[in-house]
Amino acid sequence: MNGHPQAAAAFNRDEAHVDWHDTALWAVRQKRDTMAGTVRNWESLRSLGSQIKAHTLSNLGQYLEQFEKNALQNGVKVHWAADAREHNRIVCEILKQHKVGKLVKSKSMLTEECGLNPYLEAQGIEVTDTDLGERIVQLAKEHPSHIVMPAIHKKREEIDLLFQEHLGTRRSGGDALYLTREARKHLRQRFLQADAALTGVNFAIAETGGFVVCTNEGNADMGVHATPLHIACMGIEKIIPAQEHLGVFLRLLARSATGQPITTYSSHFRAPAPGQEIHIVIVDNGRSNQLGRPEFRNSLHCIRCGACINTCPVYRRSGGHSYGYTIPGPIGSILAPGKDLHRHASLPFASTLCGSCHDVCPVKIDIHKQLFRWRQVIVREEGADFFKTLAMKATAFVFARPGLFAFGGKVGRLLLKITPRFLVYSRLNSWGKQRELPAPPGQSFTEWYKRERG
Amino acid sequence: MSKSKILDSIRKNQPGAIPLPEIDPALFADEGNLREAFTSVLTAIGGNVHAVNSPEAALPILKAAFPDAAKILCRVEGIDLNTVDPDSITSAAELDDLDLAIIPGAFGVAENGAIWVPESALSRRVLPFITAHLAIVMDGSQIVGTMHEAYPRLKDFREGFGVFIAGPSKTADIEQSLVIGAHGPLSLSVFLI
Ligand code: SF4
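So, how was this worked out
- Residues numbered from 1 in each chain as written.
- Chains lettered and ligands numbered in written order.
- Predicted model: local features only at pLDDT ≥ 70, side-chain atom pairs only at ≥ 80, totals over all residues.
- Heavy atoms only, no water.
- Disulfide = S-S within 2.5 Å.
- Buried < 20%, exposed > 50% of the residue type's maximum accessible area, 1.4 Å probe, protein only.
- Pairing = 2+ DSSP bridges.
- Helix = DSSP H or I, 4+ residues; strand = E, 2+ residues; numbered from the N terminus.
- Axes fitted to C-alpha atoms, helices over the stretch in contact; angles between N-to-C directions.
- Contact = heavy atoms within 4.5 Å.
- Phe/Tyr/Trp six-rings, centres within 6.5 Å; stacked < 30°, edge-to-face > 60°.
- Polar contact = N/O pair within 3.5 Å; in protein donor to acceptor, adjacent residues only side chain to side chain.
- Buried area = accessible area lost by both parts, 1.4 Å probe.
- Salt bridge = Lys/Arg side-chain N within 4 Å of Asp/Glu carboxyl O.
- Nonpolar A, V, L, I, M, F, W, Y, C, P; charged D, E, K, R; others polar.

J.: Would you mind showing me how to read the state of the cysteines here?
T.: Two cysteines, two sulfur atoms, one covalent bond between them: this is a disulfide. All names here are of chain A. A complete count under the given rule lists zero disulfides over all chains for this structure. Looking at Cys-357, it has no disulfide partner, and the nearest cysteine sulfur is the one in Cys-354, 6.2 Å off. Residue classification places Cys-357 among the buried residues on the basis of a relative accessible area of 6%.

J.: How should the sheet that holds strand β7 (residues 229-235) of chain A be read in this particular structure?
T.: One key point about sheets: their strands pair by backbone hydrogen bonds, in either a parallel or an antiparallel sense. In space, the six strands of this open sheet follow the order β1-β10-β7-β4-β2-β3 (chain A), with parallel pairing throughout. The strands lining the two open edges of the sheet, one partner per strand, are β1 (77-81) and β3 (126-129) of chain A. Within the sheet, the average angular offset between the axes of one strand and its neighbour, ignoring direction, is 20°. Relative to strand β10 (residues 277-283) of chain A, β1 of chain A runs parallel, the two sharing five bridges. Paired with His-79 of chain A across the two strands is Val-281 of chain A, which belongs to β10 of chain A. Packed onto the sheet, helix α11 (residues 219-226) of chain A meets β2 (102-105), β4 (196-199) and β7 of chain A and runs at close to 145° relative to β4 of chain A. Along the sheet, helix α1 (residues 2-13) of chain B contacts β1 and β10 of chain A; its crossing angle with β1 of chain A, the most-contacted strand, is approximately 65°.

J.: When you look at the packing of aromatic side chains in this model, what are you seeing that I'm missing?
T.: To describe a pair of aromatic rings, one takes the distance between the centres and the angle between the planes. All names here are of chain B. Across all of its chains, the model carries 11 aromatic pairs over all chains by this definition. With 6.2 Å between their ring centres and 80° between their planes, Phe-107 and Phe-164 make a pair best called edge-to-face. Taken as a pair, Phe-107 in strand β4 (residues 107-109) and Phe-164 in strand β8 (residues 161-165) lie far apart in primary sequence, 57 residues in all. The buried category is assigned to Phe-107, whose relative accessible area is 4%. For the pair Trp-116 and Phe-157, a centre-to-centre distance of 5.1 Å together with 85° between the ring planes defines the contact as edge-to-face.

J.: For this particular structure, what's the right way to read the environment of Asn-82 of chain B?
T.: Residues and elements named next belong to chain B. Note on placement: Asn-82 falls in the loop between β2 (72-74) and β3 (100-104). Sequence-distant contacts of Asn-82, defined by excluding residues within four places in its chain, comprise Ile-72, Leu-73 and Cys-74. One polar contact links the side chain of Asn-82 to the main-chain amide nitrogen of Cys-74, over a distance of 2.8 Å.

J.: It is not clear to me how the interface of chain B and chain A should be interpreted in this structure. Could you clarify?
T.: Put simply, an interface is often sized by how much accessible area is lost when its parts join up. With 72 residues of chain B in contact, the opposing surface of chain A contributes 92 residues. When the area that chain B buries against chain A is broken down by residue, the three leading residues are Ile-174, Glu-175 and His-183 of chain B, summing to 13%. Applying the counting rule to chain B against chain A returns six salt bridges. The salt bridge partner of Glu-175 of chain B is Arg-156 of chain A, with a shortest N-O separation of 2.9 Å. Scanning the region where chain B abuts chain A turns up 45 residue pairs in polar contact (both at pLDDT 80 or more). Taken together, the elements giving at least two residues each to the side of chain B that touches chain A come down to α1, β5 (114-118), α4 (127-130), α5 (147-153), β8, β9 (170-171) and β10 (179-180) of chain B. By residue class, the composition of the side of chain B that touches chain A is 40 nonpolar, 18 polar and 14 charged.

Next up, the structure:
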């Protein structure tokens, strides 16, 4: 069993690049803060998002059935997949029925999770990822390292070489404008030659049977409207009750993700265009199990904005690939153990528990607390041997980096000061239950030491 | 069958009923001039906003901005720039070399610069995405404050497709450098009447 610490150590070999990665993601986090600050009653908006999701999960069965009924009435075909294998089989069958040789895809973390691309390629179907970042990692034969910025781990020089090799571009030293224009030409051909398009789903609306797909590049729409067959794949948790709830989530999503007021395109699909077919594949793949774990349930609130990833001091300095799971970072670290506890046992330890993820999460998932709860489960289930090896190494990764520790500590002390007593002394904190925590010192040892040394 | 298997598992695992909160748009409404707010947000996200008195007044501005545009598809009455017959188009590929599309927008949203474009405003769904440059003409009085006020307007919307468009297409996937013009239009001009 390999884990986060080993992979993170590999990423850390290129110091300068790690610094860039760290700074670039922090800049996105800051843009998010600025944007959130311009919205009146942002905190109430987050609460609404969280409450709507909690309500939806408590009625999930009914909303899914309502969604299906309305979608069918709109002339959309609906499929249900219990797991990744069934999802892949269904998608492949639809494509075979339509004699599809070439498929264009826009971003879908679900199909990544299901391993759809290799499955279809093995069946002789050419799959082109059309989001620029996803195309970059596809050409590099890698996986996305971030759910919103799939190629954030790649340096511009690497992309330059990759495009020279696959797109026949000239050497440009990584000129972003030139490379993007070349990718536009290359992918425009793919859109126009494709037989079908596959997209993810950001929100599916029970009330209307419609669904919304958000992009900045326009790649989802280019594919969908240029081809006669649209397949949209969604996890069961993408449902929202009614159209008015889109108002809440579209306000939260892009601001939290990239600090934009909204994505360039928020496309509302309800019925196929004349001569076109729309198929929706509704996928469980472990989600209904997670629904049955009360202490981890609200991880299903996630709208995949990536804010918790951008703010995470461990992610920023270890890179998305170090997590070894489709969804990296804090949210992935609470989802992955629910899928395969043993395999992903190191992930909940790849954290300082600073709580920054929870602070930025637009749907208020208490990620840091769930990380702590998973640690307890893992220590219980995996035994002391595991704890001595992987968990300690993961913890060592965190503690070996003074920067991470300082970040975690600062926030931790602040939280201790501003968190109501009942939270500090809740059952979650088994230590605090027995004794009063010491008053948080105004400065940490590190800060004191720095000051004393001048 | 998987459907019943999934639904059974969900029903077994979902918690007891949790109430659905009410959304109070007033809680999020900002003071201030909607048209000004809309213009400044849309400009900040890369749109070119022009105030005009009539659709006709957009004509010289478009001509000056796109002097080389050869293939133009216009869906707005009063702007006589069409070089293609929209009804003659039978595939997306025929629009691949479209230089400029001019379409009507239904209403705008001040907080994010988004404009609602229903399918009925387009000859084909692909139109506002495949064109090299996009111009949207809309009534400047049709601007709401936030998305909470936008959706009540769409309560009776029954078309198969509609889209909020906010600015030109963009990407920052190469080392976070912002590039305007990804797969959709390279620019967006908005004419507020
Ligand atoms: S857990 Fe919250 S912050 Fe993280 S991706 Fe999901 S919605 Fe965004």
